[in-house]
Amino acid sequence: MNIQLADLRKKRTALVLSGGGVKGMAHIGVIKALQENNINPTAISGVSAGALVGALYANRVAVDDMINFFKETPLFKYNFVTINKPGIFDTEKYLYFFNQFLPENRFESLQRKLWVTATDMQKGQPVYFSSGELVPCLLASAALPPVFSPVKIKGRLYSDGGIMNNFPVEPLLREDHELLIGCYTSSFRDIPAEEIGNSFQVSQRANLLMIHANSMNKLMIPDLLFRPEGLGLIGVLDKKGIDKAFQIGYDHACRILEEKCLV
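Sequence positions are assigned chain by chain, starting from 1 and proceeding in written order. A pLDDT threshold of at least 70 governs which residues receive local features in this predicted model, and a stricter bar of 80 or more applies before side-chain atom pairs are shown or counted, although totals over entire chains, interfaces and linings include all residues. By convention in this description, side-chain values take in all heavy atoms of the structure and omit both hydrogens and water.

1. Describing the overall build of the protein
Basically, it comes down to this: Here a helix means four or more residues in a row that DSSP labels H or I, a strand means two or more in a row labelled E, and each is numbered from the N terminus. Relative accessible area decides the class of each residue, using a 1.4 Å probe on protein chains only: under 20% of the type maximum gives buried, over 50% gives exposed, and in between gives partly exposed. When checking whether two residues touch, look at their non-hydrogen atoms; a contact exists if any pair is within 4.5 Å. The accessible surface values rely on the Shrake-Rupley method and a 1.4 Å probe; as for residues, cover is taken only from the protein chains in view.
Of regular secondary structure, the protein possesses eight helices and ten strands. In the protein, buried positions account for 54% of the 263 residues. Taking the intrachain contacts of the protein between residues at least 6 apart in sequence as the baseline, contacts between residues at least 24 apart amount to 75%. Here the protein has roughly 12200 Å² of accessible surface; of this, 52% comes from carbon and sulfur atoms.

Right, dumping it as structure tokens:
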């Protein structure tokens, strides 16, 4: 479906960002392309990596600074290993790295409306956060089992929102937006048996299959969907792929805006 660029620029637009780990850096490339075309969504719904990118975007952090945030924030630190929580790394120890970019730590302090999706591990259902303390919700949304421990919020344990909803359009559908833009970066491909050769790879593959399954029937909802190709070879937790994922997202968005959007 073609859509007028003028409509994307003038009408009330909202943006939904999937998970995808490092692949989610493609979201930043898409945002850069939107900015260059003067398309400025006023509301964002994100999950996992999409929630982190969405929060930075909602706080009007520049694209280059978003990239630097993900490069400078360590994924694995020896002193973050936990033996007292159900995970390899203690997710709450990452709080420090958010202070520079989200110092007020409140949804209400953001410049755009933001919804963050996390999974209530006790109830087994997705929860959409949009008010109150921000950073714990972001950490919970991106706490991929079994690598990162669940985050406790108001006495309940939350993990990666993609477990239950990896394309959280629902909060945006309840709002008064004229156009919905989506970006889906959880790429899926047929892989050889050698890539499922140990327990960690089996766990990663199972997570990807589960995440992919809960998203497919919603990808037709947005008026404009970005689904960058070529992300499949980037590991979910491979920080070396940050620049590549960003460039893939940017090039894809530029091409889609040129092909599908009429001036």
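Now that the structure is up, let's keep going.
2. A few points about the pattern of salt bridges
Quick reminder of the rule: What makes a salt bridge here is a side-chain nitrogen of Lys or Arg within 4 Å of a carboxyl oxygen of Asp or Glu, nothing more.
Tallying each qualifying case throughout the model produces six salt bridges. The partner of Lys 71 in a salt bridge is Asp 243, and the shortest N-O contact between them spans 3.0 Å. One end of the pair, Lys 71, is in helix H4 (residues 63-72); the other, Asp 243, is in helix H8 (residues 242-260), with 172 residues separating them in the sequence. The exposure class assigned to Lys 71 is partly exposed, which follows from its relative accessible area of 39%.

3. Section: the pairing of strand E5 (residues 125-129)
For clarity, the cut-off: Here, a strand pair is defined by DSSP locating no fewer than two bridges between the strands.
Where strand E4 (residues 113-120) and E5 come together, five bridges link them in antiparallel fashion. Following the sheet pairing, Ala 118 is matched in E5 by Val 127. Hairpin geometry of E4 and E5 is characterised by an intervening segment of four residues between the two adjacent antiparallel strands and by a positive phi of about 75 degrees at Gly 124.

4. Here we look at helix H3 (residues 49-58)
Since there are 3.6 residues in each turn of an α-helix, residues three or four apart along the chain are aligned in direction. The buried fraction of H3 amounts to ten of the ten residues, a majority that puts the element mostly inside the structure. Looking at H3, one finds that the buried residues are Ala 49, Gly 50, Ala 51, Leu 52, Val 53, Gly 54, Ala 55, Leu 56, Tyr 57 and Ala 58. For H3, the secondary structure elements touched by its buried residues are strand E2 (13-17), helix H2 (26-36), strand E3 (43-47), H4, E4 and helix H5 (135-141).

5. Things to note about the packing of aromatic side chains
Threshold: Centres within 6.5 Å are what make two rings of Phe, Tyr or Trp a pair, Trp counting through its six-membered ring; a difference in plane orientation under 30 degrees is then read as stacked, over 60 as edge-to-face, and the rest as tilted. Two limits define a charge over a ring: the Lys NZ or Arg CZ must be within 6 Å of the ring centre, and within 35 degrees of the ring normal.
In this structure the tally under the stated criterion is five aromatic pairs. Ring geometry for Phe 167 and Tyr 184: centres 6.1 Å apart, planes at 75 degrees, overall edge-to-face. You can see Phe 167 sitting in the loop between strand E7 (156-160) and helix H6 (170-173) and its partner Tyr 184 sitting in the loop between strand E8 (179-183) and helix H7 (199-213), a full 17 residues away along the chain. Among the aromatic residues, ring-to-ring pairing joins Phe 69, Phe 70, Phe 98 and Phe 101 into one connected group. Across the ring face of Tyr 250, the terminal group of Lys 32 is positioned such that the distance to the ring centre comes to 4.8 Å.

6. Regarding the nonpolar core
Inside soluble globular proteins, nonpolar side chains tend to come together where they are buried. Formally: By nonpolar core we mean a set of buried residues, namely Ala, Val, Leu, Ile, Met, Phe, Trp, Tyr and Cys, connected to one another through side-chain atoms within 4.5 Å.
If you look at the biggest cluster of nonpolar residues, it comprises 63 residues, and the most contacted ones within it are Leu 8, Ile 28, Phe 70, Leu 114, Leu 138, Phe 226 and Leu 257. If one sorts the elements of this core by residue count, H8 sits on top with eight residues. Residues Ala 14, Val 16, Trp 115 and Leu 172 belong to the second largest nonpolar core, which totals ten residues.

7. Focus on the side chain of Ser 48
Relative to the helices and strands, Ser 48 resides in the loop between E3 and H3. Note on Ser 48: relative accessible area 8%, which makes it buried.

8. Comments concerning unusual backbone geometry
Positive phi values are uncommon outside glycine, yet Ser 48 reaches one of about 55 degrees. Look at Lys 154: it is not a glycine, yet its phi comes out positive at around 50 degrees. Along the chain, the position of Lys 154 falls in the loop between strand E6 (151-153) and E7.

9. Some points on the packing of H2 against H8
Here is the rule: Axes here mean lines fitted to C-alpha atoms, for a helix over just the part in contact, with angles spanning 0 to 180 degrees between N-to-C directions. Angle categories are assigned with fixed cut-offs, so that under 35 degrees is roughly parallel, over 145 is roughly antiparallel, 65 to 115 is roughly perpendicular, and the rest are oblique. Here a crossing is taken to be left-handed if its near helix is turned anticlockwise relative to the far helix by less than a right angle, and right-handed if that turn runs clockwise. For this classification, Asp, Glu, Lys and Arg are treated as charged, while Ala, Val, Leu, Ile, Met, Phe, Trp, Tyr, Cys and Pro are nonpolar and the rest, including Gly, are polar.
With their axes 6 Å apart at the nearest point, H2 and H8 run at an angle of 40 degrees to one another. Relative to H8, H2 is oriented oblique. Note on packing geometry: the crossing formed by H2 with H8 is right-handed. Contact with H2, carried on its side by Ala 26, Ile 28, Gly 29, Val 30, Lys 32, Ala 33 and Glu 36, involves Ala 245, Phe 246, Gly 249, Tyr 250, Ala 253, Cys 254 and Leu 257 of H8 and no other residues of that element. Counted by class, the contact of H2 with H8 contains ten nonpolar, two polar and two charged residues.

10. Concerning the confidence of the model for the protein
Applied cut-off: Confidence scores per residue from the predictor, reported as pLDDT, run from 0 to 100.
Averaged over every residue, the pLDDT of the protein is 86; the share at 70 or more is 87%. Here residues 76-81 is modelled with pLDDT under 50, and outside its nearest four sequence neighbours on either side it reaches 15 contacts, counting other chains as well.

11. Topic: the packing of H2 against H3
Their axes nearest at 10 Å, the elements H2 and H3 cross at an angle of 35 degrees. For the pair H2 and H3, the sense of crossing is right-handed. Two secondary-structure elements touch here, H2 through His 27, Ile 28, Ile 31 and Gln 35 and H3 through Gly 50, Val 53 and Tyr 57. Its residues assigned to classes, the contact of H2 with H3 shows four nonpolar, three polar and no charged.

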